[in-house]
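Residue strings, one per chain:
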Amino acid sequence: MALPAHTSAQAALVRPGAGLRAPFLEAAYEYRDAGEELDPAFPAYWNASFEEYVKQLDDLAQGRHLPFSMVRSDTFWLLSGDGRLIGMSRLRGRLSRSLRIEGGHIGYTIRPSERRKGYGTRLCALTIEEARKTGKFTRLLITCDTRNTGSARIIEKNGGILENYVISPRSGRQVSRYWVTL
Ligand SMILES: CC(C)(COP(=O)(O)OP(=O)(O)OC[C@H]1O[C@@H](n2cnc3c(N)ncnc32)[C@H](O)[C@@H]1OP(=O)(O)O)[C@@H](O)C(=O)NCCC(=O)NCCS
């Protein structure tokens, strides 16, 4: 039996592209209405052209013109079966000293209206798969605020093994650090 288009099992990763301006901005407005930001590291889509934002993501993926303290990273968008942008993940090419404490190799976010439907778990799984395909990683660090129960569950369901807790130098909050072996 075919799954309905809105199930997380049908959601797929795509690379950023200028052709996805409409679904991206539709999701970005939802984040903004909820007092959040879809891509806080690169909010250029609000004050530059969307093409410029996509170019910044391509530069980030190629390691060109990296903003201070950022490392080369791939960005993925999670699209539902009916073409809505459900979330975004970032796969970092290496760990800087700061990412080793907090941030890790993979970060992800799901749009507010689609949370608690399994999308976060799938987005993390698909991003781990992308990392595996590169052949460059033997294990991946994924971290979360210890109080972020949803994110901790996502990491554990994707095979994350807790290494330790540290205190974030940025927020002063406790961070849980997990490793996923590929
Ligand atoms: C954290 C986040 C990615 C979770 O995404 P999601 O799509 O809701 O996750 P899932 O639906 O796959 O849920 C995974 C598990 O976490 C649980 N969960 C999700 N949100 C939860 C919450 N707020 N409180 C308690 N449990 C929660 C789910 O019930 C599920 O548990 P189960 O498998 O035992 O049933 C999402 O809330 C988000 O984008 N938050 C803002 C950005 C963020 O925190 N990113 C992570 C940075 S480390």
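One can find the structure itself at the top, above this paragraph.
Residues numbered from 1 in each chain as written. Predicted model: local features only at pLDDT ≥ 70, side-chain atom pairs only at ≥ 80, totals over all residues. Heavy atoms only, no water.

1. So, the overall build of the protein
Right, on to step 1. Of the regular secondary structure elements, the protein holds six helices and seven strands.
Right, on to step 2. In terms of overall dimensions, the protein is globule-like: its C-alpha atoms have a radius of gyration of 16 Å, near the 16 Å expected for 182 residues.
Right, on to step 3. Along the first, second and third principal axes, the C-alpha set of the protein runs to 45 × 40 × 35 Å.
Right, on to step 4. Taking contacts inside the protein between residues at least 6 apart in sequence as the whole, the part at least 24 apart equals 57%. (Helix = DSSP H or I, 4+ residues; strand = E, 2+ residues; numbered from the N terminus. Rg over C-alpha atoms; globule rule 2.2 N^0.38 Å. Contact = heavy atoms within 4.5 Å.)

2. Structural notes on the packing of aromatic side chains
Right, on to step 1. In the structure shown here, the tally under the stated rule is nine aromatic pairs.
Right, on to step 2. On the numbers, 5.1 Å between centres and 40 degrees between planes, the contact of phenylalanine 24 with tryptophan 77 is tilted. Taken together, the residues span a long stretch of sequence, with phenylalanine 24 in helix 1 (residues 21–33) and tryptophan 77 in strand 2 (residues 73–79) at a distance of 53 residues. Accessibility classification places phenylalanine 24 together with tryptophan 77 in one group, the buried group.
Right, on to step 3. When the ring of tyrosine 45 is compared with that of tyrosine 53, the centres are 4.9 Å apart and the planes differ by 70 degrees; the resulting orientation is edge-to-face. Taken individually, tyrosine 45 and tyrosine 53 each receive the classification buried, so the pair is uniform in this respect.
Right, on to step 4. By the ring-pair criterion, three or more aromatic residues cluster together here, those being Phe24, Tyr29, Tyr45, Trp46, Phe50, Tyr53 and Trp77.
Right, on to step 5. Directly above the ring of tryptophan 46 sits arginine 32, whose terminal nitrogen or CZ lies 4.0 Å from the centroid.
Right, on to step 6. For arginine 139, the ring lying beneath its charged end belongs to tryptophan 179, and the centroid distance is 3.6 Å. (Phe/Tyr/Trp six-rings, centres within 6.5 Å; stacked < 30°, edge-to-face > 60°. Buried < 20%, exposed > 50% of the residue type's maximum accessible area, 1.4 Å probe, protein only. Lys NZ or Arg CZ within 6 Å of the ring centre and 35° of its normal.)

3. A closer look at the sheet that holds strand 1 (residues 12–14)
Right, on to step 1. Sheet architecture is open: four strands sit in the order 1-2-3-4, paired in antiparallel fashion. Each end of this open sheet is capped by a strand with a single partner; those strands are strand 1 and strand 4 (106–110). The sheet shows a mean angle of 25 degrees between the axes of neighbouring strands, direction not considered.
Right, on to step 2. Two elements, strand 1 and strand 2, share three bridges in a ladder whose sense is antiparallel. Residue pairing for strand 2: valine 14 is matched across the bridge by tryptophan 77. (Pairing = 2+ DSSP bridges. Axes fitted to C-alpha atoms, helices over the stretch in contact; angles between N-to-C directions.)

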